[in-house]
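Listed below are the residues making up each chain.
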Amino acid sequence: MNQQVTIDNQQTIGSILASQRFDVDRSIWSERLHEATSHDVEVALASRPGSYSQAKLLALLSPAAEEYLEQMAVLSRELTIQRFGRAMRLYAPVYLSSYCVNRCQYCGFNHDNTFARVRLSVEEAVAEAECLAAEGYRDILLVSSEDRAFITVDYLAELASRLKDKFSYISIEIFQLSAAEYKQLFDAGIHGVALYQETYDREVYARYHLGGPKANYDRRIGAFDDMGRAGMRDLGLGVLLGLADWRIDALAMAEHASHLMRRYWQSRVSFSFPRLRPACGVPASEFPHLLSDTNLVQMMLALRLCFADSGLVLSTREPARLRDQFMKLGITRISAGSRTSPGGYTDPEKIGQFDVNDSRTPGEVVAAIKKCGLDPVWKDWDNVLW
Amino acid sequence: MDKLTIAGRTFDSRLLIGTGKFSSPRVMAEALAASGSQIVTVALRRVDIDNPADDTLREIDRDRYLLLPNTSGARDADEAVRLARLARAATGIDWVKLEVTPDPYYLLPCPVETLKAAEILVKEGFVVLPYINADPILAKRLQDVGTATVMPLGSPIGSNQGLKTRVALEIIIEQSVVPVVVDAGLGLPSHVAEAMEIGADAVLVNTAIATANDPIGMASAFKLAVEAGRKAYEAGPRAPQHKAEASSPLTGFLRES
């Protein structure tokens, strides 16, 4: 046993995924998922709520579990209320730049797309953030495409210090950085990072990432270890739902999460559910693995039942009608009133990264949260800890 | 029921309440009232401590309750100390519930950093109520550095599992010279009654009340259980016996005459 633990400690996430065939030739997982029976699902549902094992998650993600969604939903809701309370954290994104060196086929900010790109100066970014602070936001997510030339670590550190008075928590969703850069940002008060692997399938990854630093699968897969080493408090995982088989990507992401939770035990892992949506130059019909609402709900519930204390995050990619239902199922953090373009709060006419499907104001979303019997939480951290 | 004294201050209620997880500040306020509690703990990371109009703070009547700031979210001694100083600077309150929980999943307290923070805060004049695992030696070490209580957990926070640490809690209660407040994992009124019956000086409850279908009803149930458990303790409960013991011994006549 001890020897095995030693070996596990030496394994990288890349080798863990490769040894389990989550990166290439994944047909073995399709077979296992389709072979799962209702008995397997019932065993999974009877296990300790919120605990993870691969066999349990596989059963809950399987087609056989589709018959058990209501039961899963009841357990998920119960577990979420127990662990997170009757509360919903609110955050909002500020887009800093739409210049990008990457050529990701699904993204509106693809380098090959032609549109009026925008970069915000620190001053302009502060003005955007102040619009959000005026709405009541204290938790802000800084977003940027891969524009290293302009969005430097110094830029982000300066922005963080300028935002300290008005915000209690700052996280980023930008291009991949080095361990030293993550540490520098942590010291500047940026304590959470979301970075989506998009898909764990190498072949699909190569098909959709045609150029730029992001096209390097092996480099990207190691990003979270660098964040963990830097002491980041929140590690936000996600796959772009619709690129590859969502069930297999969810299994791979859970293995990734489990690896991170054991090794960087002071960091909290959260999951996001970005579902591929039509954007500038992105016809949804070209993507063969798009998820139905039922699929999306099954994935959220399965992850909650395996990860009791992980944040489940939902953006405004989803429509209001669905978001109001998802809030009751296990989501713990949502954005509202988002603009997905740099400068979008001060000038709403700008072109965004994706189409926002819930265009309600923060006030309207707060009312919807309360209607679900939940307390809208604007502040869940304090800048004295930066 | 005799009174609870912590750091020279006396309280009628032996039930402390946490303010997280409620569906609204209003529901929280009503549950506080129903609990009869006089000590209410608030996570500094959750509130604007220097803003009396904060949604949560404005529902807590400072004439009625002792507001006990806690350092929830702190991963090490340094962070906990910074939070405590912030609270004192903003409110003048020098009581602090010390929580140092580096593991974000089970929120188990770090003994090393908790002891370190307690030493610093006590020296700075704080009244320190540290949240700890049910570790009797750590409890003694904290008492030695001058904490006002120890607050050992019954089971992991929010887990509603009751007194899983009972064996260690009994040792802490037996040896402690400061009040022992059982904190965390108390999911039912019967759990707090048990804690009070074995001699805990007080208990702290949050999740079980905040997440109940009727938080106000549950707060009142916990109030009664604390009182019942304490009265039973004061009345001197007998230890459980493995054999029957008749109330009129069968051999009593041999000692007559």
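These numbers were taken from a predicted model, which means no experiment stands behind them.

(A) Structural context of the overall build of chain A. Scanning chain A from N- to C-terminus turns up 16 helices and 9 strands. A compact globule built from 386 residues would reach a C-alpha radius of gyration of about 21 Å, and chain A, at 20 Å, matches this within 12%. The buried share of chain A, taken over its 386 residues, is 50%. Sequence separation of at least 24 residues holds for 79% of the intrachain contacts in chain A that already meet a minimum separation of 6.

(B) Looking closely at the overall build of chain B. Broken down by element type, chain B carries 8 helices and 10 strands. Taken against the 2.2 N^0.38 rule, which gives 18 Å for 257 residues, the C-alpha radius of gyration of chain B at 19 Å falls within 12% of a compact globule. With 257 residues in all, chain B has 48% of them scored as buried. Long-range contacts, defined here as pairs at least 24 residues apart, represent 62% of the contacts in chain B between residues at least 6 apart.

(C) Here's a closer look at the interface of chain B and chain A. Listed by partner, the interface residues are 23 residues for chain B and 19 residues for chain A. Looking at the side of chain B that touches chain A, the elements with two or more residues in it are helix 2 (77-91) and helix 7 (207-210) of chain B. The dominant element in the side of chain B that touches chain A, judged by the number of residues it contributes, is helix 2 of chain B, at 4 residues. Tallied by class, the residues present in the side of chain B that touches chain A amount to 8 nonpolar, 7 polar and 8 charged.

(D) Summary view of the pairing of strand 7 (residues 311-314) of chain A. Residues and elements named next belong to chain A. Note that strand 6 (residues 268-272) and strand 7 share 3 bridges and pair parallel. Of the residues in strand 7, the one forming a bridge with Phe271 is Leu312. Taken together, strand 7, helix 15 (residues 320-326) and strand 8 (residues 333-335) form a β-α-β motif whose crossover is right-handed.

(E) Quick look at helix 7 (residues 122-135) of chain A. Residue and element names in this part refer to chain A. The terminal C-alpha atoms of helix 7, which comprises 14 residues, lie 20 Å apart, in line with the 20 Å expected from a rise of 1.5 Å per residue. Buried residues in helix 7 make contact with strand 1 (87-97), strand 2 (139-144) and helix 8 (153-163). One or two steps after helix 7, the chain reaches Gly136, where phi turns positive at roughly 115°.

(F) Representation of the nonpolar core in the model. Counting 111 residues, the largest nonpolar core has Leu60(A), Ile140(A), Leu142(A), Leu251(A), Ala302(A) and Leu303(A) as its most contacted members. In terms of residue count, helix 13 (residues 246-263) of chain A provides more of this core than any other element does, 10 residues in total. Excluding residues that lie within four positions of it along the chain, Ala302(A) makes contacts with Leu57(A), Leu60(A), Leu61(A) and Ala250(A). Core analysis: the second largest hydrophobic core is formed by 77 residues, Ala118(B), Phe126(B), Leu138(B) and Ala210(B) among them.

(G) Just the packing of helix 3 (residues 111-123) of chain B against helix 4 (residues 136-145) of chain B, in detail. Residue and element names in this part refer to chain B. In contact at an axis separation of 9 Å, helix 3 and helix 4 are set at 15° when each is read in the N-to-C sense. Accordingly, the angle class assigned to the pair helix 3 and helix 4 is roughly parallel. The handedness of the crossing between helix 3 and helix 4 is right-handed. Counted together, Pro111, Leu115, Ala118, Glu119 and Val122 of helix 3 and Leu138, Arg141, Leu142 and Val145 of helix 4 form the full contact between these two elements.

(H) Structural view of the confidence of the model for chain A. With 95% of its residues at a pLDDT of 70 or more, chain A shows a mean pLDDT of 92. Note on residues 1-7 of chain A: pLDDT under 50 across the span, and 0 contacts to partners over four residues away in sequence or across chains.

(I) Spotlight on unusual backbone geometry. Residues and elements named next belong to chain B. Phi angles above zero are rare outside glycine, and Lys21 is one such case at about 70°. Take Lys21: it is sitting in the loop between strand 3 (15-18) and helix 1 (25-35). With 22 C-beta atoms packed within 10 Å, Lys21 lands in the buried category.

(J) Fine view of the confidence of the model for chain B. When pLDDT is averaged along chain B, the result is 92, and 97% of the positions lie at 70 or above. For this predicted complex, the interface confidence score (ipTM) comes to 0.81, while the overall pTM stands at 0.89.

(K) View of the environment of Val42(B). Residues and elements named next belong to chain B. Topologically, Val42 is positioned in strand 4 (residues 39-43). Residue Val42 is classed as buried on the basis of its 23 C-beta neighbours within 10 Å. In this structure the C-alpha to C-alpha distance between Val42 and Thr56, which are 14 residues apart in sequence, comes to 8.6 Å. Residue contacts for Val42: discarding those within four places in its chain leaves Thr19, Val47, Thr56, Leu67, Pro69 and Asn70.

(L) A look at the pairing of strand 3 (residues 169-173) of chain A. Residue and element names in this part refer to chain A. Of all 5 residues in strand 3, 4 are buried, a share of seventy percent or more. Sheet analysis places strand 2 next to strand 3, joined by 5 bridges and oriented parallel. Paired with Val143 across the strands is Glu173, a residue of strand 3. Viewed along the sheet, the connection from strand 2 through helix 8 into strand 3 turns out right-handed. Bridge count for strand 3 against strand 4 (residues 190-194) is 3 bridges, and the pairing is parallel. Among the inter-strand pairings, Ile172 is bridged to a residue of strand 4, identified as Val193.

(M) Up close: the environment of Ala36(A). All names here are of chain A. Checked against the element boundaries, Ala36 lands in the loop between helix 3 (27-35) and helix 4 (38-46). Residue Ala36 is classed as partly exposed on the basis of its 19 C-beta neighbours within 10 Å. As a C-alpha pair, Ala36 and Ala367 span 331 residues in sequence and 41 Å in three-dimensional space. Ignoring anything within four residues of it in the chain, the contact list for Ala36 reads Val41, Leu58, Ala59, Ser62 and Ala64.

(N) Main features of the packing of helix 1 of chain B against helix 8 (residues 215-234) of chain B. Residues and elements named next belong to chain B. Where helix 1 meets helix 8, the axes come as close as 7 Å, and the angle between the chain directions of the two elements is 25°. Comparing the axis directions of helix 1 and helix 8 gives the class roughly parallel. The interaxial crossing formed by helix 1 with helix 8 has right-handed handedness. Along the contact surface, helix 1 presents Val27, Glu30, Ala31, Ala34 and Ser35, while helix 8 presents Pro215, Ile216, Ala219, Ser220, Phe222 and Lys223. Broken down by class, the residue content of the contact of helix 1 with helix 8 amounts to 7 nonpolar, 2 polar and 2 charged.

Rules and cut-offs
- Residues numbered from 1 in each chain as written.
- Chains lettered and ligands numbered in written order.
- Predicted model: local features only at pLDDT ≥ 70, side-chain atom pairs only at ≥ 80, totals over all residues.
- Helix = DSSP H or I, 4+ residues; strand = E, 2+ residues; numbered from the N terminus.
- Rg over C-alpha atoms; globule rule 2.2 N^0.38 Å.
- Buried ≥ 20, exposed ≤ 12 C-beta atoms within 10 Å, placed from the backbone.
- Contact = placed C-beta atoms within 7 Å.
- Nonpolar A, V, L, I, M, F, W, Y, C, P; charged D, E, K, R; others polar.
- Pairing = 2+ DSSP bridges.
- Right-handed = clockwise from strand over helix to strand, strands pointing away.
- Expected span 1.5 Å × (residues − 1).
- Core = buried A, V, L, I, M, F, W, Y, C linked by C-beta atoms within 7 Å.
- Axes fitted to C-alpha atoms, helices over the stretch in contact; angles between N-to-C directions.
- Parallel < 35°, antiparallel > 145°, perpendicular 65-115°, else oblique.
- Left-handed = near helix turned anticlockwise from the far one by under 90°.
- pLDDT = per-residue confidence, 0-100.

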